[in-house]
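Understanding the architecture of this molecule
Listed below are the residues making up each chain.
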There are 2 protein chains.
Amino acid sequence: MSKKFVYLFSEGKGSMRDLLGGKGANLAEMTNLGMPVPQGFTITTEACTQYYIDDEVINDDIRNEIMQYIGELEQITGKKFGDLNNPLLVSVRSGSRASMPGMMDTILNLGLNDEVTASFAKKTSNPRFAYDSYRRFIQMYSDVVMETGKSYFEKLIDEMKEKRGVHLDTDLDADDLKELSMQFKAEYKNKIGSDFPSDPVEQLFGAIKAVFRSWDNPRAVYYRRMNDIPSSWGTAVNVQSMVFGNMGDTSGTGVAFSRNPATGEAKLYGEFLMNAQGEDVVAGIRTPKTIDELKAINPEVYDEFYKIVYTLEKHYKDMQDMEFTIEEGKLYMLQTRNGKRTAAAALKIATDLVDEGMIDEERAVAMIDPKQLDALLHPQFETEALKAAKPIGAGLPASPGAASGQVVFTAETAAEWGKAGSSVILVRLETSPEDIEGMNYAKGILTARGGMTSHAAVVARGMGTCCVSGCGELKIDEKGKTFTLGEKKFREGDYISLDGSTGNIYGEAIATMDATISGDFDRLMHWADGLRTMKVRTNADTPFDAAQGRKFGAEGIGLCRTEHMFFEAGRIAAVREMIVSNTVEQRKTALAKLLPMQRGDFEGIYEAMEGLPVTIRFLDPPLHEFLPTDEDDIVALANEMKLPVEELKSIIVSLHEFNPMMGHRGCRLTVSYPEIAEMQTRAVIEAAINVKKRNPDWELVPEIMIPLVGEVKEFVYVKNIVVETADSIIKESGIDLKYLVGTMIEVPRACLTADKIAAEADFFSFGTNDLTQMTFAFSRDDAGSFLGAYYDKKIYENDPFARLDQEGVGQLVTMAVEKGTSAKPDIKLGICGEHGGDPSSVEFCHDAGLNYVSCSPFRVPIARLAAAQAVIKAKKR
Amino acid sequence: MSKKFVYLFSEGKGSMRDLLGGKGANLAEMTNLGMPVPQGFTITTEACTQYYIDDEVINDDIRNEIMQYIGELEQITGKKFGDLNNPLLVSVRSGSRASMPGMMDTILNLGLNDEVTASFAKKTSNPRFAYDSYRRFIQMYSDVVMETGKSYFEKLIDEMKEKRGVHLDTDLDADDLKELSMQFKAEYKNKIGSDFPSDPVEQLFGAIKAVFRSWDNPRAVYYRRMNDIPSSWGTAVNVQSMVFGNMGDTSGTGVAFSRNPATGEAKLYGEFLMNAQGEDVVAGIRTPKTIDELKAINPEVYDEFYKIVYTLEKHYKDMQDMEFTIEEGKLYMLQTRNGKRTAAAALKIATDLVDEGMIDEERAVAMIDPKQLDALLHPQFETEALKAAKPIGAGLPASPGAASGQVVFTAETAAEWGKAGSSVILVRLETSPEDIEGMNYAKGILTARGGMTSHAAVVARGMGTCCVSGCGELKIDEKGKTFTLGEKKFREGDYISLDGSTGNIYGEAIATMDATISGDFDRLMHWADGLRTMKVRTNADTPFDAAQGRKFGAEGIGLCRTEHMFFEAGRIAAVREMIVSNTVEQRKTALAKLLPMQRGDFEGIYEAMEGLPVTIRFLDPPLHEFLPTDEDDIVALANEMKLPVEELKSIIVSLHEFNPMMGHRGCRLTVSYPEIAEMQTRAVIEAAINVKKRNPDWELVPEIMIPLVGEVKEFVYVKNIVVETADSIIKESGIDLKYLVGTMIEVPRACLTADKIAAEADFFSFGTNDLTQMTFAFSRDDAGSFLGAYYDKKIYENDPFARLDQEGVGQLVTMAVEKGTSAKPDIKLGICGEHGGDPSSVEFCHDAGLNYVSCSPFRVPIARLAAAQAVIKAKKR
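What counts, and where the lines are drawn
- Residues numbered from 1 in each chain as written.
- Chains lettered and ligands numbered in written order.
- Predicted model: local features only at pLDDT ≥ 70, side-chain atom pairs only at ≥ 80, totals over all residues.
- Heavy atoms only, no water.
- Phe/Tyr/Trp six-rings, centres within 6.5 Å; stacked < 30°, edge-to-face > 60°.
- Helix = DSSP H or I, 4+ residues; strand = E, 2+ residues; numbered from the N terminus.
- Buried < 20%, exposed > 50% of the residue type's maximum accessible area, 1.4 Å probe, protein only.
- Lys NZ or Arg CZ within 6 Å of the ring centre and 35° of its normal.
- Pairing = 2+ DSSP bridges.
- Contact = heavy atoms within 4.5 Å.
- Buried area = accessible area lost by both parts, 1.4 Å probe.
- Salt bridge = Lys/Arg side-chain N within 4 Å of Asp/Glu carboxyl O.
- Polar contact = N/O pair within 3.5 Å; in protein donor to acceptor, adjacent residues only side chain to side chain.
- Nonpolar A, V, L, I, M, F, W, Y, C, P; charged D, E, K, R; others polar.
- Least-squares fit on C-alpha atoms with pLDDT ≥ 70 in both.
- pLDDT = per-residue confidence, 0-100.
- Axes fitted to C-alpha atoms, helices over the stretch in contact; angles between N-to-C directions.
- Parallel < 35°, antiparallel > 145°, perpendicular 65-115°, else oblique.
- Left-handed = near helix turned anticlockwise from the far one by under 90°.

What follows is about the packing of aromatic side chains. We describe a pair of aromatic rings using the distance from one ring centre to the other and the angle between the two ring planes. Under the definition given, this model contains 54 aromatic pairs over all chains. For the pair F137 of chain A and F196 of chain A, a centre-to-centre distance of 5.7 Å together with 85° between the ring planes defines the contact as edge-to-face. Taken together, the residues F137 of chain A in helix α5 (residues 127-145) and F196 of chain A in the loop between α7 (174-192) and α8 (200-214) connect sequence positions 59 residues apart. Judged by relative accessible area, F137 of chain A falls into the buried class, the value being 0%. Grouping aromatic residues by their ring pairs yields a cluster made of F776, F778, F786, Y790 and Y796 of chain A. Above the plane of the ring of W233 of chain B lies R97 of chain B, whose end atom (NZ or CZ) is 3.8 Å from the centre. Here R537 of chain B stacks its cationic end above the ring of Y852 of chain B, 4.0 Å away from the centre of that ring.

Spelled out as structure tokens, the structure:
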């Protein structure tokens, strides 16, 4: 049997969303509920997919099926395409599975031509209405279907108004509009080279193709990438018989929400205009009335509408966003869908619906988009202030939130001005670990280079600081302390603003408002916690981060990067001394200076976590990252170290690496310099003993994590050093302390040999940042230079560093889980890459059988919610 | 049942090599053949493994079993440990599965102490012999078992000779030797702190432990790594009752080969000394006699020996290397083994054995070590000249062969002097693609940086040029044109010599001799070709390389790197013009200049290959590799390009990458700049058409290979450009030309998604260099800085870039083969990484089901032989 590509509204139903798109499914559902819906049919998303398979041609099968359904629609409505007595006029709208702004605009009044309009004018006794409809149709068709743009049409209208000496479109009369429609047609022929199509069937197929094409326009592609919508879904096309809100004073059109989409308040909310078509409501020329005013104008229609609204809300068990039209006193429903809402509204609506008994807690949890929570956790621009501002450029939305402040070009200045109470925005080519203190004092960070997982991005997300990264157009003169963007030059102290959620950059100060978390948030998180089976930990390098993570509900630390502590003032000297050591003894002396500092840090972190698990990763980055690169800094360091400058330089040169990502780092440092792991073990264990002495009831079990393991013997070598050191300290202390030794799984070979590694390791923590780099052979610091072309050409639709590549990287993760648990069924499994805070990746981790995810403090609530949703989705399968 | 750890020689057999080691198995075999072997027992390799499991202790079970076998040996020989009338004296020798020089020295005469020696002196009526044996034992035991070194003992002997006024050890009499043995014992106590052990059992266990320990001494570990011997094998220990060649003029000892090990000549070859123990033969104090002279001294023993030699050769069907002792006129066989031989001898022996009907061709093929062929294909030092020379340093043996010539520091000088007829050695910090012409003119290449797969190493191997890379001690002053090594400074024009097979560097000229290939070589290769099922191709970038590869038997080109052609003078300008292009049009203009050059190259390569398959890889390296880095060169290029210097510099900066290996390269270049692939397709196809017009009978099917694919959509994007371009050219030409479009499999994600890629690709060629980098997260240019520590700590035993890591990388290869053939059963599968010329990796490729391997021209014979051996080994399983 051949596929069915077209459905009457009465043939479909609400559950056929994948096939009919959201709009089509809901029109079918409303039809089935007996609501007043202008009838029509939906061309399926599969027809769209077929259109692309057939090289952008509507094949004969589909064409014939559409023709057959035109016939059916003509029978249902008693109207006919091109009929002068009773012409069928239709609207054509796109409608995909997921709501997608940025796709095709609606085409109204399709079916009109010179003859039909003339007779329509006579039949409705409203020539002005008929010709207004006609000129609108020509204009929309030209713009949307033939992509002529609309400016020239607007110009013709303006000229006509000038000629007539009037100000408003509505002041033009039927003759004016008729003349305009003739001018529009001439303009069409001028632009396109052929006559405006007068055959309604030709018009219809043009419009259908335009909808199919719009699925692939750049805005739609971009939107899909941002929202994880696969291009294979395609869009449906809805062909619906027209009803007219502009047939006179008893007609009208409007939009309404069953609850307030900004606040969530449980009250009908919306606006409408009498004697208007849809576009007039949003055009802003006439001021629409609030929905309450309809009660006075037409109480019967209001009551009918009100009843329908709450029938729909109960039916869909969610806040509805609806379009309606009143044609000569009769109400028609044109659309309903779950309404978009602010994050605050989403929480209020979900908890209200539970309190009203309409949904259960599980459904409430499932309703919230985890990504939306970001807006609640970070400062945002004040809505009105933002409206007045225009971005002067954009980079990558690297860390959410809004920030406004004075430009500084060095971390030192950021720290200095920040301590003095100024709001500063740190602008850098790229940040480096040395900048950490200044980044901490900045309200926002802007970089010219680096992607979503660059140093600036990762650190900023960890701190909850707004960051826009990789703005290629930004020309920075760090020495001269200026930058140029959008042809404007900015100096130190000038004000700019950043939106880390959109990547927008503004050349002025914009007022921000702080994040506010309501009681609804806590209730919802509590419900989510009850549902989820995965634990959620946080990545935290300092007691401050740890406390932040706990505030957001983290149940432990999944990644504590010990090297971040190395950059603090007073420590970096000892670190550098260790690096330039020529002998083991020298190195041990330097490490001995670091020991009390690291031990102190770990004590602080254990205290903050009050006995919850803490995973500490041993030194990971290549050593050259700790050395200066600047001539001045090198000379200063040489003096400090009492080394000849040339010798220091030659050490720096000898540490240079062609591909540092794959160089001398991670556990390779320990294999070369076992004394580093000895010192770090000592710090971890001694700190735990000290804290345990003070808090004997805490179940404190430090988890030592060895990075970059690719071979079990490598792991065992390091583990032996750890165990030997730890056991002797514990024995000496007389304290009963347990600890775990596990590994990051971030090298493909570790996944391939996970059974052997698991036999020796207490836990695996997937480091999916590096695993993604190796699996793709993508350097995340360099991928920016080519990923753009990959998105443009639709080779990749997502940034694999932001969303876990389930097909490739995911296969390695699954393999490692299977091999690992086959060797050690109770091995602890977690993830500590950036993906731990991405909802779709969290779902993958749940399905893969991980025990926990770990992410930046500010992403903890997102992960908690996503982990709960993963349980709900898994149940449904 | 518990494991048996000890075997009498009469309990073992030749096939038990894994358990008894080579020496033990052959002693057992000779015993079973009824040959005169002093009896004894072998402690198994498993006992050695157990010793390491038990933390270097011989456990009670093994100890008891050894004690039991001492008893058995006492019964067999009728002698007893410590018995004054008839003492059991034994030798203790190591013996692993594979022959391993560099392991423990032999201990002779074990069982002697003061009392036993005294009575032994009386019983043999030869006190000089008895005390000479005793002092030798104390010396050997102290040195080998207790690791005291032997210099102090030598000093005592010298003092004694001085005191006695004699010159030779043999001039010392019994009393002298007795006194010496007392002095030795005192020295032992002084060094070790306890008395020399007088209990033979204690002596024996000390010696056994020393053998076990020797398995892990640095020389043995190094040898194992060089020869792919796993540390898990362990060594056996052979305990054999002593016979004495030094009991008088009717006694003697010697070594012999059943054929000449240097030439392969089929004639008994060896030497012996009467009245001597083993070490005297090699000590060089007395000149040994040739084996023929034994006929005159003792014709019966000679005849008996001769008969045994050829019985053994027939039995083992291979040339034998034997040790024997004559004790008072009676012949004893102490050892037999397949003899080591030169490459030339190996070929002659193998073909002779076939001609003699002793073995078949398959066995002849299996006998040759493929790695040995290198010596036949490259120049070597003259043996005598080399003996006189001493290395002043060493690097990595990056490309085999020997070279001698004058030092130059730039590729330009190398080319200039080379053209003028001088032999030059190019000395560089590291080479870059720009150096290619100079490298071609150099006899040898020496670099301070880079590993076995660095640019210098890979290119040198391709050219068959000797190369020593990564000599860290080399201090080069490229500007001043000097280098320092081993405290000596060398200037441009000074002579040095390199051995690319050992890595040795000599500070003088050493005479070399050219490679010579005999008829035996061709016969053997012909037999190998008859056996193997895998094809062998060569990697070749130029018509010259292609011809070289064919000369060595290549059946096609598996990898033609198009970018190597870009560096030639007259081309690089156009390449750079392409890179700095701001628009597609500018880029196309530059590419149009490259087109005729590339087309010409491909025509030359097709002509050289006469219709055999040619795989051409599209542009792979990141573009910045083509731009200069030197200030002067940048200025020159800017002038040439008519660009402001600052603009060119900013282009170079913008192309800088953090991790270029994982950056903007491979097919990513085509995704960004499709016009590059268009040009290259045009060159490949137009060249094929031109050549086919001239040679209509050739079956010329160009194979276009897309590098660095990680996702099928990426492959399809590039393939579409290739197919569109190619098909239109072919159509226009009217020539019937087929071509293939396939991909390198070198990114882990390509292996993980190989089924999807195979559905679109005509072939896979495994690029195991990059695949190894990504699987391990090892940058091959940087791995040198940490791999040393990994070898030392026995985490890795092999360089994964030289020998395919079958456990990790191999798993990905196998996965890709399985997935690929599941989607396309007849997909062509090959390998073109450096591993294609490594015998063990070739065997892996055969077992994995690949259709061909491809390697440097000079490795083609090795791969042909290894591929045949893989078939033979697979048959045996």
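All names here are of chain B. Note that strand β19 (residues 482-485) and strand β20 (residues 488-491) share four bridges and pair antiparallel. Among the inter-strand pairings, T482 is bridged to a residue of β20, identified as R491. Between β19 and β20, which pair antiparallel one after the other, the connecting turn spans two residues, and G486 there sits at a positive phi close to 55°.

The next thing to look at is the interface of chain B and chain A. Listed per partner, the contact involves 52 residues of chain B and 52 residues of chain A. Carbon and sulfur atoms make up 56% of the area that chain B and chain A hide from each other, which totals about 4700 Å². If you sort the residues of chain B by the area they bury against chain A, F658, M662 and R749 of chain B come out on top, with a joint share of 15%. Summed over the shared surface of chain B and chain A, the result is eight salt bridges. For E797 of chain B, the salt bridge identified is with K713 of chain A, shortest N-O distance 3.7 Å. Taken together, the links from chain B to chain A amount to 30 residue pairs in polar contact (both at pLDDT 80 or more). Grouping the amino acids of the side of chain B that touches chain A by side-chain chemistry returns 23 nonpolar, 12 polar and 17 charged.

Turning our attention to the environment of C751 of chain B. All names here are of chain B. On the secondary structure map, C751 appears in helix α29 (residues 748-752). The spacing of C751 and E711 is 40 residues in sequence and 9.7 Å in space, taken between C-alpha atoms. If we skip the residues at most four places from it in the chain, C751 touches I745, L771, L812, M815, A816 and K819.

Two copies of one chain are present, and they are related through a rotation about an axis combined with an axial shift. Between chain B and chain A, which share one sequence, the superposing operator has a rotation angle of 180° and an axial displacement of 0.0 Å; the RMSD is 0.1 Å. Taken together, the rotation and translation describe the operation of a two-fold axis. Across chain B, the rotation axis passes nearest the C-alpha of N659 of chain B, at a separation of 2.2 Å. Comparing contact sets, 100% of the residues at the interface of chain B also lie at the interface in chain A, consistent with an isologous, same-surface contact.

This part covers the pairing of strand β26 (residues 614-617) of chain B. As a general feature of sheets, a regular strand has side chains that alternate between the two faces. Residues and elements named next belong to chain B. Every second residue of β26 is oriented toward a common face, with V614 and I616 on one face and T615 and R617 on the other, all of them buried. Both strand β25 (residues 557-561) and β26 contribute to a ladder of three bridges, which runs parallel. Within the sheet, the bridge partner assigned to R561 lies in β26 and is R617. Examined bridge by bridge, β26 and strand β27 (residues 703-706) share three bridges and lie parallel to one another. Across the sheet, I616 pairs through a bridge with I704, a residue of β27.

The subject of this paragraph is the confidence of the model for chain A. Detailed conclusions should not be drawn from predicted coordinates in areas where pLDDT is low. Confidence in the prediction for chain A averages 92 pLDDT; 99% of positions are at 70 or higher. Both scores are available for the predicted complex, with the pTM at 0.84 and the ipTM at 0.84.

All names here are of chain A. Between α5 and α7, the least distance of the axes is 8 Å, while the angle of their chain directions is 20°. One way to sum up the angle between α5 and α7 is to call them roughly parallel. When the axes of α5 and α7 are compared, the crossing they make is left-handed. Across the interface between the two elements, P127, R128, Y131, D132, Y134, R135, I138, Q139, Y141 and S142 of α5 pack against A174, L177, K178, S181, M182, F184, K185 and Y188 of α7. Tallied by class, the residues present in the contact of α5 with α7 amount to 10 nonpolar, three polar and five charged.

So, about helix α32 (residues 784-792) of chain B. Buried within α32 of chain B we find F786, L787, A789, Y790 and Y791 of chain B. Each element contacted by the buried residues of α32 of chain B is listed here: α26 (667-672) and α28 (712-733) of chain A together with α9 (218-226) of chain B. K794 of chain B sits one or two residues past α32 of chain B and shows a positive phi near 55°.

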